[in-house]
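# Breakdown of the fold
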Amino acid sequence: MYTRGHSRIVGTGVYLPEERVSSRQLLEQCDSYNRFGIRHNWLERTTGIKERRVTPAGVLPSDMAVLAAREAMERAALLPSEIDAIIYTGLTRDFTEPATAHIVQAKLGADNATVFDVSNACHGFMNGVHLMDSLIATGQVRRGLVVTGEQGSLFARRAMEALKNLHSREDFLSLAANFTVGDAGAAFVMAPKVDPECGFMGFMLQSQGRHANLCVAGGPLNDGPGFTDMPTLICEGLKLLTQPFREFMYERLQWSVNELKKYVFHQVGTKVLLAHSRLVGVPLAIMPRPVETFGNLITANIPFCIHNFVLRNEVLAGDKVYLSGIGSGISLSQTGLIWTAQ
């Protein structure tokens, strides 16, 4: 699916909890060496993830989303009453019912907004951005909020519990991806373009459901951890990304790599970033790597990177930013963004 872009980002926000948990601590906690023959430095050595953030007890996904949303709205100089739509995109939610977007709306006091959830594994936020762009294109929304609150630590705790009754190295490896994820909230406020040569220039999306069995978590009778064939998932995802990148970058956008200020690829580990850099010919110097100190932030990955660019003045008006999203299933997106002053 290809569509042109009609919107821009006018505010970004992030919430990060204070507590840090290292990869070594997690493997020590489950006694990985004595029980599974996995050394305590294995996770950091394999993924490049040194630590991740963990929310305090009692904090809900909606709480993280609201804190990020308030910062984004402040940066956009908007009151809650001026928000027309809220899309919550997190993999983790407060409840199965109601949609977490309703809880976010109530906590923000954004009573004029239409709200709903979108769920698509790690790709949910980019789906939310695409949907909000479409609502803006039709004139139904002037100011829209796309928001997430991810508690990856929930999956780590569930995996730790499951491992109490498991004994093989293969069992551990099927659950290891649960230890790569971290906690964060993130938000974008989106608005119509003020110039056709700025903001989101286009979106290319695809889904390949034949790979849906490579990462499975939860279900009607099972609220457990995720079971992931990580090597195959990464391999297939990288293969699928190569062709749409070339089509979108060179044919649709008609950009070249040396024009890019930043290239944001979904963060699951440093080896994946290195492999993707080689495959598409993008220099590592323009690819942020927060995964090393924050882990895989699930749907908060890409907006977290964009927010950091804003805080550090790493992108200026007119800079070209390329976003490459991916989530298990497999779903993928390629997005071109020309930055505008917020």
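Placed above this text is the structure.
As a starting point, this report considers the structure included with it.

Here we take up the pattern of salt bridges. Per the counting criterion, the structure on display carries ten salt bridges. Linking E71 and R75 is a salt bridge whose minimum nitrogen-to-oxygen distance equals 3.4 Å. Of the two residues, E71 and R75 are both situated in helix α4 (residues 61-75); the distance of four residues between them amounts to about one turn of the helix. The class of E71 is partly exposed, set by a relative accessible area of 21%.

Here five strands make up an open sheet; going across it, the order is β1-β9-β14-β13-β12 and the pairing mixed. Two strands close off the open sheet at either side, each with one partner strand: β1 (2-4) and β12 (260-265). Geometrically, the sheet is characterised by an average inter-axis angle of 10° between neighbouring strands, direction not taken into account. Across the sheet, helix α6 (residues 124-137) lies against β1, β9 (199-207), β13 (320-327) and β14 (331-338), angled at about 125° from β9, the strand it touches most. Taken strand by strand, helix α10 (residues 270-280) contacts β12 and β13, and its axis lies near 130° from that of β12.

Here the focus is the pairing of strand β5 (residues 85-88). Look at any regular strand and the pattern is simple: side chains alternate between the two faces of the sheet. A two-sided burial pattern is seen for β5, the buried positions comprising A85 and I87 on one face and I86 and Y88 on the other. Note: β5 against strand β7 (residues 144-151), four bridges, orientation parallel. Of the residues in β7, the one forming a bridge with A85 is G144.

With that out of the way, let us pick up the sheet that holds strand β6 (residues 114-117). The sheet built from five strands is open, its strands ordered β2-β8-β7-β5-β6 with mixed pairing. In this open sheet, the two edge strands, each paired with only one partner strand, are β2 (7-15) and β6. Averaged over all neighbouring strand pairs, the angle between strand axes comes to 15°, with direction disregarded. Sheet topology note: the β2/strand β8 (residues 183-192) ladder contains eight bridges and is antiparallel. Of the residues in β8, the one forming a bridge with Y15 is G185. Seen against the sheet, helix α5 (residues 100-108) touches β5, β6 and β7 and runs at an angle of roughly 130° to β5. Here helix α12 (residues 301-311) sits on the sheet in contact with β2 and β8, set at roughly 95° to β2.

Moving on to the nonpolar core. F245, Y263, F265, V282 and Y322 are the most contacted members of the largest nonpolar core, which totals 28 residues. Sorting the residues of this core by element identifies β9, α9 (230-252), β12, α10, β13 and β14 as the ones contributing at least two each.

Rules behind the numbers
Residues numbered from 1 in each chain as written. Predicted model: local features only at pLDDT ≥ 70, side-chain atom pairs only at ≥ 80, totals over all residues. Heavy atoms only, no water. Salt bridge = Lys/Arg side-chain N within 4 Å of Asp/Glu carboxyl O. Helix = DSSP H or I, 4+ residues; strand = E, 2+ residues; numbered from the N terminus. Buried < 20%, exposed > 50% of the residue type's maximum accessible area, 1.4 Å probe, protein only. Pairing = 2+ DSSP bridges. Axes fitted to C-alpha atoms, helices over the stretch in contact; angles between N-to-C directions. Contact = heavy atoms within 4.5 Å. Core = buried A, V, L, I, M, F, W, Y, C linked by side-chain atoms within 4.5 Å.

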